[in-house]
Amino acid sequence: VSTEQFSNLPTQRTVQSLYTIAPTVARSGLRDASGRDRDPSVGGSSGPENNYILDGVNTTDPAFGGSGANLPFEFVQEVEIKTGAYGAEYGKSTGGIFNVITKSGGNEFHGDGFGYFTAKGFVRDTKQFPFTGSAPNGFSEIDAGVDVGGPIKKDKIWFFAAFNPQERKNYFLTQTFHQNTENKITTPFYSGKVTWAINPKHTFTFSTFGDFTKQEGFLFGGSGFGADPATFQGEIQTGGHNYAARLNSTFSQTWIGEFAFGLHLQRSNVLPLS
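Residues numbered from 1 in each chain as written. Predicted model: local features only at pLDDT ≥ 70, side-chain atom pairs only at ≥ 80, totals over all residues. Heavy atoms only, no water.

Asks: Where do I start with the overall build of the protein in this structure?
Replies: Counting its regular elements, the protein contains one helix and 14 strands. With the C-alpha coordinates of the protein rotated into their principal frame, the extents come out at 75 × 40 × 40 Å. Sorting the 274 residues of the protein into buried and exposed places 44% on the buried side. Counting every atom, the protein has about 14500 Å² of accessible surface; 57% of that belongs to carbon and sulfur. If you average the places of the 22 positive and of the 25 negative side-chain charges in the protein, the two averages end up 1 Å apart. (Helix = DSSP H or I, 4+ residues; strand = E, 2+ residues; numbered from the N terminus. Buried < 20%, exposed > 50% of the residue type's maximum accessible area, 1.4 Å probe, protein only. Areas by Shrake-Rupley, 256 points an atom, 1.4 Å probe, with all protein chains shown as cover. Lys, Arg positive; Asp, Glu negative; His and termini not counted. Charge placed at Lys NZ, Arg CZ, Asp CG, Glu CD.)

Asks: Looking at this structure, I do not really get the side chain of S140. What am I missing?
Replies: Position of S140 among the secondary structure elements: in strand β8 (residues 135–153). A relative accessible area of 17% places S140 in the buried class. Setting aside anything within four residues of it in sequence, one finds S140 in contact with T118, A119, K120, E167, R168, K169 and Y171. (Contact = heavy atoms within 4.5 Å.)

Asks: Looking at this model, I keep getting lost on the nonpolar core. Mind explaining?
Replies: Buried together is how nonpolar side chains tend to be arranged in soluble globular proteins. If you look at the biggest cluster of nonpolar residues, it comprises 22 residues, and the most contacted ones within it are V15, Y19, L71, V76, V79 and V100. Residue assignment for this core shows that the elements contributing at least two residues are β3 (51–54), β5 (76–82), β6 (97–102) and β9 (157–173). (Core = buried A, V, L, I, M, F, W, Y, C linked by side-chain atoms within 4.5 Å.)

Asks: What am I meant to see in the layout of surface pockets here?
Replies: In this approach the atoms are scanned with a rolling probe the size of a water molecule, which exposes any empty space left behind. In this structure, the largest pocket spans a volume of roughly 1200 Å³. As for the largest pocket, its lining consists of 49 residues, and the residues nearest its centre are R31, D32, A33, S34 and G35. Going through the elements one at a time, β8, β9, β10 (180–199), β12 (213–218), β13 (233–250) and β14 (256–272) are the ones with two or more residues in the lining of the largest pocket. In terms of residue class, the lining of the largest pocket is built from 14 nonpolar, 23 polar and twelve charged. The calculated volume of the second largest pocket comes to roughly 360 Å³. Taken together, 16 residues make up the lining of the second largest pocket; nearest its centre are D55, G56, N99, I101 and R246. Residue composition of the lining of the second largest pocket, grouped by class: seven nonpolar, five polar and four charged. (1 Å grid on protein atoms, 1.4 Å probe; cavity = no way out; pocket = protein on both sides within 12 Å on 5 of 7 lines; lining within 4 Å. Points joined across faces, edges and corners; volume = space filled by probe spheres on them. Nonpolar A, V, L, I, M, F, W, Y, C, P; charged D, E, K, R; others polar.)

Asks: Explain a nonpolar patch on the surface here, please?
Replies: Nonpolar side chains collect at one region of the surface, where V1, L9 and I21 lie side by side and expose about 200 Å² of accessible area between them. Counting through the fold element by element, V1 comes out in the segment before α1 (3–6). Note on V1: relative accessible area 36%, which makes it partly exposed. (Patch = residues over 30% accessible without salt bridge, like charges linked within 9 Å, V, L, I, M, F, W, Y side chains within 5 Å. Salt bridge = Lys/Arg side-chain N within 4 Å of Asp/Glu carboxyl O.)

Asks: When you look at the pairing of β13 in this model, what are you seeing that I'm missing?
Replies: Consecutive residues of a regular strand have side chains that alternate between opposite faces of the sheet. Relative to β13, strand β11 (residues 202–210) runs antiparallel, the two sharing nine bridges. In the strand pairing of β13, T205 is matched with R246. As paired strands, β12 and β13 are joined by six bridges and run antiparallel to one another. Paired with K214 across the two strands is Q237, which belongs to β13. One ladder, built from 17 bridges, connects β13 with β14; its direction is antiparallel. Looking at the pairing, R246 lines up with A260 of β14. Connecting the antiparallel pair β13 and β14 is a turn made up of five residues. (Pairing = 2+ DSSP bridges.)

Asks: Explain the packing of aromatic side chains to me, please; I cannot follow it from the model alone.
Replies: Any aromatic ring pair is given by two values, namely how distant the centres are and how the planes are angled relative to each other. The final tally for this structure, using the stated rule, is eight aromatic pairs. Measuring from centroid to centroid gives 6.4 Å for F117 and F122, while their planes differ by 40 degrees, and the two rings are tilted. A relative accessible area of 62% means that F122 is categorised as exposed. Pairwise contacts between aromatic rings join Y19, Y52 and F98 into one cluster. Lying over the aromatic face of Y171, K120 brings its terminal NZ or CZ to 5.1 Å of the ring centre. Sitting above the plane of the F139 ring, R168 keeps its charged end 3.9 Å from the centroid. (Phe/Tyr/Trp six-rings, centres within 6.5 Å; stacked < 30°, edge-to-face > 60°. Lys NZ or Arg CZ within 6 Å of the ring centre and 35° of its normal.)

Shown next as structure tokens:
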């Protein structure tokens, strides 16, 4: 599925939301810190049984399974979804393979500026309260960024760069006394790629992308009794950065080579307030 297709689909604005457009792929109920769907079920398997590859880097969470990286729409050129009968070069999955390619630059300059927002006044108030846990009481969100791609040297070196900071505030009412409390989630998504045509037979590509996410304030909304909101104050740090390098070579009419290196760095920290 290419960017020309999915940019017109009514889905959430991350690459994770595109996965469920394929047959046999369904929502698993798992969500990220911002409440968006993640780690879908493929053919009845659970969310952590998939394999996630972004720009040739295996970004599957090494500790808990599931996807260890995410990207906004504007950074993605193409999404390939394999739900079965995939080749021997793919593995580590009893569910699906999700292969994502980020955008590259070309001989002409192209760019985008974009912005989306949801004000708290657009979200309805809580009418029903659970017996345990806190009740969500609305949210506000802003999602804006820019991207640009073009030549460093025409027909020789091209670049693509993008930055998309996202911020979301979640509001809660505690179960016992209906006290107001909130948390803030920030994710400064970024992506960059350089493509170098060394000569007609060799092409080198280097790319990097990251999704450092920080959740501050009232944590674990929906869990615990919430009688004292200070008990649940802290910070959760997730996401990380990724690097990929690839050399594609044609040695002769019968010999070709592909040499790749990938590095996926990911954090998962829960820190108390003090």
